[in-house]
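Remarks on the overall topology
Here are the chains, one letter per residue:
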Amino acid sequence: MAKAHKSTKNIKLAFMINLLFSIGELIGGFLINSVAIMSDAIHDLGDAIALGISWFLQNFSNKEGDEKFSFGYKRFSLLGALINAAVLIAGSIYIFTQAIPLLFNPEHSNAQGMIWFAIVGVLLNGYAAFKLHKGKSVNEGVLSWHMLEDVLGWVAVLIVGIVLLFKDIHILDPILSLAIALFILVNVVRNLTKTMKILLEGVPEGIDIEEIQAKIEKIPGVLSVGDLNIWSIDGEENALNLHLSVEGDNLADSAAIKEKVRKATSDLRIVHSAIELEWKDR
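Thresholds applied
Residues numbered from 1 in each chain as written. Predicted model: local features only at pLDDT ≥ 70, side-chain atom pairs only at ≥ 80, totals over all residues. Heavy atoms only, no water. UniProt positions renumbered as here; feature names shortened; annotations may be inferred. Helix = DSSP H or I, 4+ residues; strand = E, 2+ residues; numbered from the N terminus. Buried < 20%, exposed > 50% of the residue type's maximum accessible area, 1.4 Å probe, protein only. Core = buried A, V, L, I, M, F, W, Y, C linked by side-chain atoms within 4.5 Å. Contact = heavy atoms within 4.5 Å. Axes fitted to C-alpha atoms, helices over the stretch in contact; angles between N-to-C directions. Parallel < 35°, antiparallel > 145°, perpendicular 65-115°, else oblique. Left-handed = near helix turned anticlockwise from the far one by under 90°. Nonpolar A, V, L, I, M, F, W, Y, C, P; charged D, E, K, R; others polar. Pairing = 2+ DSSP bridges. Patch = residues over 30% accessible without salt bridge, like charges linked within 9 Å, V, L, I, M, F, W, Y side chains within 5 Å. Areas by Shrake-Rupley, 256 points an atom, 1.4 Å probe, with all protein chains shown as cover. Salt bridge = Lys/Arg side-chain N within 4 Å of Asp/Glu carboxyl O.

Attention now moves to the UniProt feature "transmembrane region" (unreviewed entry) in the protein. Feature annotation in UniProt assigns "transmembrane region" (unreviewed entry) to the following positions: residues 12-35, 78-101, 113-130, 142-165 and 171-189. Between the C-alpha atoms that bound residues 78-101 there is a distance of 36 Å. The span itself is 100% helix and 0% strand. Segment residues 113-130 splits into 100% helix and 0% strand. End C-alpha atoms: 26 Å apart.

With a phi close to 60°, Glu 201 is a non-glycine residue in the positive phi region. Looking at the element boundaries, Glu 201 is found in the loop between α6 (172-199) and α7 (209-217). A positive phi angle is found at Asp 227, which is not glycine, with a value near 50°. Considering the arrangement of structural elements, one finds Asp 227 in strand β1 (residues 222-232). The exposure class of Asp 227 is exposed, given its relative accessible area of 61%.

What follows concerns the nonpolar core. Membership of the largest hydrophobic core comes to 18 residues, with the highest contact counts inside it found for Ile 216, Leu 242, Leu 244 and Val 261. Only α7, β1, β2 (238-246), α8 (251-264) and β3 (270-279) provide two or more residues apiece to this core. Setting aside residues up to four positions removed in sequence, Leu 244 forms contacts with Ile 216, Val 222, Ser 224, Val 225, Ile 257, Val 261, Ile 275, Glu 276, Leu 277 and Glu 278. The next biggest cluster of nonpolar side chains, apart from the first, holds 10 residues, and it includes Ile 17, Ala 128, Leu 132 and Val 151.

A separate point is the packing of helix α3 (residues 76-104) against α6. Relative to each other, α3 and α6 sit at 160°, their axes nearing to 9 Å. Taken as axis vectors, α3 and α6 run roughly antiparallel relative to one another. Here α3 runs over α6; the crossing is left-handed. Residue composition of the contact of α3 with α6, grouped by class: 24 nonpolar, 3 polar and no charged.

The next thing to look at is the environment of Leu 13. Within the secondary structure, Leu 13 is located in helix α1 (residues 2-31). C-alpha of Leu 13 to C-alpha of Ala 128: the two residues are 115 residues apart in sequence and 6.8 Å apart in space. For Leu 13, the contacting residues outside a window of four places in its chain are Tyr 127 and Lys 131.

Attention now goes to the sheet that holds β1. Taken in spatial order, the 3 strands make up an open sheet running β1-β2-β3, and their pairing is mixed. Both outer strands of the open sheet, β1 and β3, are each paired with one neighbouring strand and no more. With strand direction ignored, the average angle separating the axes of adjacent strands in the sheet is 15°. Sheet topology note: the β2/β3 ladder contains 9 bridges and is parallel. Within β3, the residue paired with His 243 across the bridge is Glu 276. Each of β1 and β2 is contacted by α7, which is oriented at about 145° to β1, the strand it contacts most.

A few words on a nonpolar patch on the surface. On the surface, Ile 23, Leu 26, Ile 27, Phe 30, Leu 31, Leu 45, Ile 49 and Ile 53 cluster together to form a nonpolar patch covering roughly 760 Å² of accessible area. Of all the secondary-structure elements, those providing two or more residues to the nonpolar patch are α1 and α2 (35-60). Tracing the chain through its elements places Ile 27 in helix α1.

Here the focus is the pairing of β1. Strand direction decides the pairing type here: β1 and β2, joined by 8 bridges, are antiparallel. Residue pairing across strands places Ile 230 opposite Leu 240, the latter belonging to β2. Hairpin connection of β1 to β2: 5 residues between the antiparallel strands, including Gly 235 at a positive phi of 95°.

Shown next, in the form of structure tokens:
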């Protein structure tokens, strides 16, 4: 529960930073007459809304199991990850549509205003990205790319702003925007694939089913292993069920074998297990 609380706290922090900064961008962009800053403010406001949804879902996922969701509500955090991935993909496509025309017709920008906003943007979003990157949940992983996208975007703005103080090379802005959008898109698709694998109940990364089966079959009293299934609940905790053909004929034998199976799988982060035993003679 402590980890879950920390995840919720990190997402809340990212949400508050994005919301407050996007409001500041709207005001500042209007004052310095920067269309680029205003456009980014709208993008950040969309991010803030997605982060707010993720904050709610991550918090909701901490609920214990009940008659509606006996496994608990942990997978609701994955819904937040899906929403954020969709927003990031849409945002990247939006950047492509805005930046490509600017390659052929670059616009002039307020260099000093860009630099000051970039410094604040890098510091605030960099702090949020650092906090989320340290998190373990899939939702935090996807959200960290939200923040990293903003950090890289403001680094690009900072570089362009400094260059524009000395050189009139405005095409740098759309070039860097395209590079950042492509970088973010590739990594979001990778995280989206990971999220979908969990929702489709694929075998968790780093777990070899055949290796686990061979390990269990070496347990004294186990004759064979069937229907071995391991899947992830939310990217952090896993579940297991299996059918064992075993020697023995009493409750003590049953309890001993189940305990040995749990010990053999103790490093797999199993929080839910169902072990069915079938008694057989050799």
